Every structure is written in C-alpha cells, then in structure tokens.
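Chain by chain, the residues:
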Number of protein chains: 2
Amino acid sequence: MPESKRLVLRRLAIDTYHENVAYLHRDCPLYRTEGFQALSKLEVRRGKRSILAVLNVVDDARIIEPQELGLSEQAFEQLGLNEGDRVAIGHAEPPRSMEAVRRKLSGERLNQQEYRDIAQDIAANRYSKIEMAAFIVTSGQTGLDRDEVLYLTRAMAETGERLQWDEDLVADKHCIGGIPGNRTSMIVVPIVAAHGLLIPKTSSRAITSPAGTADTMEVLANVEIGPARMREIVHAHRGCLAWGGTARLAPVDDILIAVERPLAMDSQGQLVASILAKKIAAGSTHLIIDIPVGPTAKVRHMRDALRLRKLFEYVGDRIGIHVEVVITDGRQPIGRGIGPVLETRDVMQVLTNDPKAPADLREKSLRLAGRIIEFDPDVRGGQGYSIARDILESGRAAMRMQQIIESQGRAPDAPRPGRLHFNVLASRSGTVIGIDNKNLARIARLAGAPMDKGAGVDIRRKLGDQVNVGDVLYRVHAEFPPDLRFARELCTQNPGYEIGQAEDMTMYSYGL
Amino acid sequence: MPESKRLVLRRLAIDTYHENVAYLHRDCPLYRTEGFQALSKLEVRRGKRSILAVLNVVDDARIIEPQELGLSEQAFEQLGLNEGDRVAIGHAEPPRSMEAVRRKLSGERLNQQEYRDIAQDIAANRYSKIEMAAFIVTSGQTGLDRDEVLYLTRAMAETGERLQWDEDLVADKHCIGGIPGNRTSMIVVPIVAAHGLLIPKTSSRAITSPAGTADTMEVLANVEIGPARMREIVHAHRGCLAWGGTARLAPVDDILIAVERPLAMDSQGQLVASILAKKIAAGSTHLIIDIPVGPTAKVRHMRDALRLRKLFEYVGDRIGIHVEVVITDGRQPIGRGIGPVLETRDVMQVLTNDPKAPADLREKSLRLAGRIIEFDPDVRGGQGYSIARDILESGRAAMRMQQIIESQGRAPDAPRPGRLHFNVLASRSGTVIGIDNKNLARIARLAGAPMDKGAGVDIRRKLGDQVNVGDVLYRVHAEFPPDLRFARELCTQNPGYEIGQAEDMTMYSYGL
C-alpha cells in the first residue's frame, strides 16, 4: 500500500471497554474515498499486525487530525505499535466466527469448535458490541441446548489463565446471587480451611448489587493479590478470600456479562456457562452451588431451580468438576447488614460466636460448610454439619480467618457504618409477610454501597416478625447527604416491606 | 441535586451515529462515587431536558476534564443546551419499551402500541447499540409474524416526515436490491411521467453496493433537493429522481439498517417493513416491487420470493398502498455498466434509442413502466407495455428526462469512465454459465465506486454468450492506481465468471 494511503497512529485515551473504536477526522482523505459508513468496521494494519475496530467520525482536529488514525485505549494496546507509526486501513471482513452466529440465529446448533472460534474472536476484541449483542441474544433464553452450554463453558474457560493447585481436591462454593447480605463465603472458607480442605476462594466485586464478597472482605483485608502470592497464602492456610479479577480467569465471560447486563436477559444457559467457566479456570474440583428461590430472588419458582440444577450437574460432570447444588430460602436477605461494613459485622459476629450473631447467616454457612467438608473422603456422609459447627464453636474458624486476613494484608482502618442515617418505620401493625430483596438492594446502592463501604441497610425485622406501628424495620446508613436523600426518596416510594396477616405469607419448602 | 453533583457540559465533536455517548474523565468525582460501569447507561439532565447516553471513560484531560461531561454530537444536539451549562447525571433506567423487547425475546408477540413505543424510543436515541441489536435479532428471521411486520411498518413510518402530493394516484417502484447495474428507475420515471402519472421518486445512495439510483442520477443532475423544491419539480414535470435522505422519511429505518448491516441478517419481515415504511412516508399510493431471484441475488429460491410477495401484499393492503410484486431474473447484472458513470451511459443509450443500448435493461424497464402505467384507470389491462414502448421510441421519455435534469440542476461535468483500466479475459472457451453478482459488485467497489463516479465494471459477455480463450469478459475502470490494484487482486482470485457447457446453466422461470 503506498504511503499516501497510510495514516499516522495516535492513542486516544478513551476507554471503550472491549469494543475497539477507531477515530477518523471527517476530512481524512481515506474516510472520503473509501466510503466508510457510520458503524463501519475497519481493519487497521501494519505488516503482520492487525486489529478490527468500529469507526467513529470526529470533527475536531484537537481530538484527531485529518492525517491521523486514533485508537481507543484497548485497541491501541492490542495493536502493539507506537504513536506516530504509519498504519493502513481498509474495510474489514466480519470476524469469521460471525458466520456461525448467523447460523445460530437461523436456528442451528453449533459445535464445540464453533464456540471456541467465537470465544477466541471475542477475546481478541474482534467483535463489535452489535455482534456481541447478537451472539448473546441468540444464545439466550431457550437458545442453547445443554451440550451447547457445555461447549460454551469450555470455550470461555480456554480464553484466559488457569490456576494450578497440584492437589486432588480443590473445594469451592458459589451462589448464583440476588440475595442481599448473603455473605456465607467469609464464614465457610475459614471453617473448611480449618478442617484441612483446600479452598482458594476467588470472588467478584459487586456489579449491580450493593456488595460482592470481594468488596466486603476488603473491609478487613487486601483482596487484590496476584496468583503467585495467592499460592503462598493457600499453601500456608489452606484457604484465602481474594478478588478474582487480578487472575484474568475466563475474560470472555466478563466481556459478555458487560454486554448482557443492560439487556437484563434471563438465560439459564449463560448463567451456568459463566459460573462454571470461571470455576474451571480457578482450578476447582469440588463445587457447591447455592440457588436461592423466592418471589424477589433471581429464581422465582422451584421448577426453574430444579431445571437449573440439572443443567449445572450435566455440564459439571462433563467438565470434570464434582458439582452439588443446594436450593435455599431466597425470600429475604440473609443476616442483617446490606453493604460491605454492615455485612462484615454480621460475619464477625458469627465467627466469634457472638450471641447477637444473625442465626440465619450462621445456620446457612454451617450447612454449606458441612456439605463441602463431606467432599473429604475421610468424612462420613451426614457428619459434615457437626464437624463444621465444632470448628466454629471452638474458635478455630475465627483464628483461621485472622490468619488469612494477616497474610492477605490487614486493612488499615477499623470498619464503621456510614455516619449519616435514618430509620424506616412500620406504617401499620401486623406480621412481616414480605421483604423485597431487589428494593432493599437498590436502597443500599443509592445510599452509596459498595463504593462507600459504610453505606447500606441494617435490617431489624425479618419475615414472620410481629411489628407495631412505628417500630424500626431497618436503618439506612450513608456517608453523604445527597446519597441519604436519594435513598430516603426510594424508601418513601417503596420501603420494600409488606406487613399483613401471618397466614398470608408465601410458603416454600427448600432443600436445606 | 446540589451543585457539587453537577458537571460542566461540553460538546465533543465525535459522531457516534445514533448512539448517544457520554464521556467522563476517570477522575471525575461522580464517576467514582456513583459506581458507573463500562457500558453503563447514564441519564443526563437539566430541569426538564434529559437524554440517555452510554458511558465512555476518558483518561486525557485534553479531551475532557474531570469536572466536565462530554457528549457526542448527536447527543449534544438532542439535549439542546449550551456548552458550559451545568448538568446532573445519574444511572438511567433502560427505556421503558425495552421491557417489550425482552418479552419478544422470550417468544411473545407484541402489539401495535408496543412497536410504536419501541420506534419512538429508537428515534429519540434512547436505545444503545446493544439494545438496538437485541431488538433486531429478536425480530429477525422467523421472529415477526405478518401482523407484527404490519405494526413495525406503521410504527417506523410515524417517526419521521411525510410527503404530501394531493393526488389520488402517486406511483412508485422499488427493487429489493442486490443486482448490479439494475438502474431501471432512471428509465421508468421519465416514461411514466411522460404518460402523465405522478411519480416523485426518492432513492437511496449505495450502502454496500457500487451505486444507488441517487449516486447514478447525480452523474447527470443535483439530487439533493428539499421537499419544497421537489414539489415544484413534480408539479411541472410529473416526476423527479431525488435522493431520499434530505426528506427525513422513516428515520428509524435508517438507524436500524445501520445496526443490521454488520450482522448481515436475512430477515424478510424487516425488509418489508423497511421498504413499506419509507413508501408510506413518501406518500406513495401505487407501488411496483421488483424481487430479483438468482443464485447470487438477495433471494435465491423461488419459494422465498413467493413468501416475500405474500408478505408485501398483506402489509401493503393494510397500510392502504396498492402493491404489485414482480419476480424477475436476478441471475446476473442488468445492463453492462456497474458504477455511476457506466450505468448512466447504459440508461442514456436506452432513453435515446441507441442501437447499442443493452436490451435487458431496456426490456425490463419497459415491462416495469408498463405495469405502472396500468395503474392508470384509463389504461386497459395489458396495454401498459406498448404505451411505454411508444413513449420511449418517440423520444418523449428522453425529452422528459432532460426536463427533469434541467429542473433538478444539471451536473457541471460531462461524465467519463475512470481513466485507468484493465481487462479480465476468459481463461477457457465455452459458454458463460454463471456470473456472480456479489463478486462483480465487490470488484466495482474496490475500483472506487460509488465515490469515484467513473469507477466500476463494464461487462462485455453475459449469460449464454459463447467465448474463446482470451476474449474480454469485462473491463474494470478506476481513477487511482491503488484502487485498480485492489480490484485486480480480487479479479485474479475470483473473476466472478463461470464458463462451461450451455446445458449446465441454471434455469429459472420468472413472472416477467
């Protein structure tokens, strides 16, 4: 290609997530002669290096000049050249695996190789947001049969790093989410590690919830520890509670989640593939999955929970992970606190056998820990719960938690709830017959969680409790007045509590 | 909202097409405390004005400073405020009509009001590209039943302007596309107008093809004429050949096409809704639809063409447009030239009754014009063709074309084919049994069409012709050496011609 068809490369410090964006000035001679369109996909190349990018057109030479080609940050990194290098551009062919996506759109099943090609193209930022959205929509809902879920799981796991533990039994637990305050991992990990099983737990930060386990653990300790340091800690203490983001596990999953989130699609296949791909990458061999069911949980009906359980089991068996699914009570938050600091308080009350500890959080954690302990071939079926309880009551779990905190690096500040607060009161007398998980989560987020660690909701009354007019249902904490006001506005519109007659309470029966 | 939660508005001269994009500096205090994510959707507001926008994060204060909020061009226009105004931002709820899209995703049918809400939200730039892609995918393929196609057609037509003609019979024609050189409109319009029917033709520019009718007509005359001037011209001459883009007809259709194009989805429902929405907006009452069928046409099988015809008829009847569908031979390009100047030459040869005029272009144009003339209640069924032929042979069509050209504004330069060229030769002797429409279109585009008006392909041999080794199959014209070389590379890989035994030629039977 002659020099006249080349442009001067520039890095534009714009973060467009995993969509590569190229910026051309409207007066760029190549923009005019090549007939690029809005949303056109370009190939940018120099020698053997090449990337695909979506075109944005710029009218301001202070951002990009007519002889320049700007690339968003990730695109610039990926191309791996220097500012000032001369690059060629041309019309890009769509990534080859889009052909498979189109066949999927017209109702075909895809095979393992096709899912691999799709995952690799997405990992290489060769898909635009439009193309990713097409893939997600077509594989959503009833779009994937269970073998396709398996193929997608494997394909996503293969795109990133993989943690190695050199042991036969690497235990793990995962909750599909949706229940505020459900911070069982911080209790389960020290119990299971104290028993002697390996449990190197990686957790996520909150995306749409008021706290992820990584956000809450961060109140007590550093959670951003690389794979090498994680191995040392796990070698010493049999467990850890780290943020999974540093390890680059199944990165395609993160990309797809970012595109999926705004669509709020409810796809069992993608949920299973997303969770299990991360677990393959994390090196887990034995896994407990917690599926909470309730009217405001992610899974609202027992039949859906059962279908989801079968799918976890089917894929788990074929990827060589021993998966056990427990279906739990998801009608209301677990524990009292919602938000990192308030949840930490609940966790530490349970670990220190404080009489004020929330009984539901303690009980659920012991049951989950007991199930994991029974993965140990030396433990008789049915004895896990009492072993877990002994470890907790003897103080060994609390001690193990302190060791894990010290080795990850203790947080400098003592946790305290947000300095501003207000109470939400019962407007009538009766029995609490409904608590809206989603609304309490939104109130906690508006109050500032998880960014403001002390912000959130502190629950005083739970399902089945008797209340009189004016009793405190929960207290909202925030750090800043505007946040407090936003949260209060939502509480006024919808406090998230239903008070009525005890016999009107929805009843479920659960596996736990 | 307190002043501390406000940002200073700035217009960023970046064209992101119909996706509103907001730019925040990574150190913007609101970005940190509000917990926005990559691809988060923000609401930007001041008083009652508000827009939705997708977030891009910027690390360069020369592009945007921490106290500023940048908006892409269309987003800034839409908000309608001034640079320096203080605006508030917050997490946006998804546009309300996305709820309907989600229900469509899970297999439900949507009603007229739901399609209206979706079209209005898209027209108001409230959808992100991800959300638009979800809508397109879910309504693609077999996703729309025929009533839903009707609802979508009406909804799209209602989002833009509408041309008014104050006559009972406003004729129009439309080809679904895919056949290079198929420039019948430039012959049909002067014939029909000379007969006396009103035919105010609005056409598109090429998107992925080497020439749209607007690009080709532009070789002869100005095509960017606003609705008022168009009325004057049509009042004087009963017809025109204008670019449709100035009239803002069914703008949602253009937005959806831009998102749909990279997906290369094949959706009959969207095709019909797209065409008929534009025709409602253009004020057409009587419409001929041309569906070419052939192995490298948009429609490859007669059964698909018949299904498409039924769908056009169903929707046409209900929106009050008299639609007649003709299924035509789409096995090869029509005429000889591909590219604006070369196609103009063919058109003018037909209009001036030049003996060298391509017979297929002449014949097809006469048949289409004849069918339109039969919309005239005073014309007996079956007489349209001979009326059209009389108008053409008498020179009245050519004269009408000159009047239309003069009134739209004659182009200053005489057309000439691209100054560079090479010939593509037959590599064996035999009969031409296949010509690949798509490949010839790509060659013409690589050579520079439609931006370089003289670039393109000039065909010398067509289906059924005998050729000897070394005979010229076609000639490629370009203006610039690199373009010529790109085109030549593709010709070497795949010249787009199949030469074999006459009896191997695919046979079709057509409605025309």
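In short, a report on the structure. (Residues numbered from 1 in each chain as written. Chains lettered and ligands numbered in written order. Predicted model: local features only at pLDDT ≥ 70, side-chain atom pairs only at ≥ 80, totals over all residues. Heavy atoms only, no water.)

### Section: the environment of E489(B)
Part 1 of the argument: Tracing the backbone shows E489(B) in helix α18 (residues 481-493).
Part 2 of the argument: It is 9.7 Å that separates the C-alpha atoms of E489(B) and L446(B), two residues lying 43 residues apart in sequence. (Helix = DSSP H or I, 4+ residues; strand = E, 2+ residues; numbered from the N terminus.)

### Overview of helix α17 (residues 437-446) of chain A
Residue and element names in this part refer to chain A.
Part 1 of the argument: Those residues of α17 not exposed but buried are N437, N439, L440, A441, I443 and A444.
Part 2 of the argument: Where α17 is buried, its residues touch β13 (337-338), β15 (430-435), β16 (456-459), β18 (472-478), α18 (481-493) and β19 (497-500).
Part 3 of the argument: Looking at where α17 begins, the residue whose side-chain oxygen comes 2.9 Å from the main-chain nitrogen of K438 is D436. (Buried < 20%, exposed > 50% of the residue type's maximum accessible area, 1.4 Å probe, protein only. Contact = heavy atoms within 4.5 Å. Polar contact = N/O pair within 3.5 Å; in protein donor to acceptor, adjacent residues only side chain to side chain.)

### With respect to the packing of aromatic side chains
Part 1 of the argument: Counting across every chain of the model gives six aromatic pairs over all chains.
Part 2 of the argument: Arranged with centres 6.4 Å apart and planes meeting at 40 degrees, the rings of Y115(B) and Y151(B) form a pair that is tilted. Note that Y115(B) is positioned in helix α4 (residues 112-123) and Y151(B) in helix α6 (residues 146-157), a separation of 36 residues in sequence.
Part 3 of the argument: Owing to a relative accessible area of 19%, Y151(B) belongs among the buried residues under this scheme.
Part 4 of the argument: Linked through ring pairs, Y115(A), F135(A) and Y151(A) together constitute an aromatic cluster.
Part 5 of the argument: Over the ring of F422(B) we find R488(B), and its NZ or CZ is 4.6 Å from the ring centre. (Phe/Tyr/Trp six-rings, centres within 6.5 Å; stacked < 30°, edge-to-face > 60°. Lys NZ or Arg CZ within 6 Å of the ring centre and 35° of its normal.)

### Focus on the pattern of salt bridges
Oppositely charged side chains may form a pair once their charged atoms are brought near each other.
Part 1 of the argument: Inspection of every chain in the model, using the stated rule, returns 89 salt bridges over all chains.
Part 2 of the argument: Between R371(A) and E324(A) there is a salt bridge, with its nearest N and O atoms 2.9 Å apart. Of this pair, R371(A) sits in helix α14 (residues 359-373) while E324(A) sits in strand β12 (residues 322-329), placing them 47 residues apart in sequence.
Part 3 of the argument: Classification of E324(A) as partly exposed rests on a relative accessible area of 25%.
Part 4 of the argument: Salt bridges here are not isolated pairs; linked through shared partners, they connect R11(A), D15(A), E73(A), R26(B) and D59(B). (Salt bridge = Lys/Arg side-chain N within 4 Å of Asp/Glu carboxyl O.)

### Some details on the interface of chain B and chain A
Part 1 of the argument: Counting from both sides, the interface comprises 55 residues of chain B and, opposite them, 55 residues of chain A.
Part 2 of the argument: At the boundary of chain B with chain A, total buried surface from both sides reaches about 4700 Å², with 62% on carbon and sulfur atoms.
Part 3 of the argument: Put simply, chain B and chain A have six salt bridges between them.
Part 4 of the argument: Put simply, chain B and chain A have nine residue pairs in polar contact (both at pLDDT 80 or more) between them. (Buried area = accessible area lost by both parts, 1.4 Å probe.)

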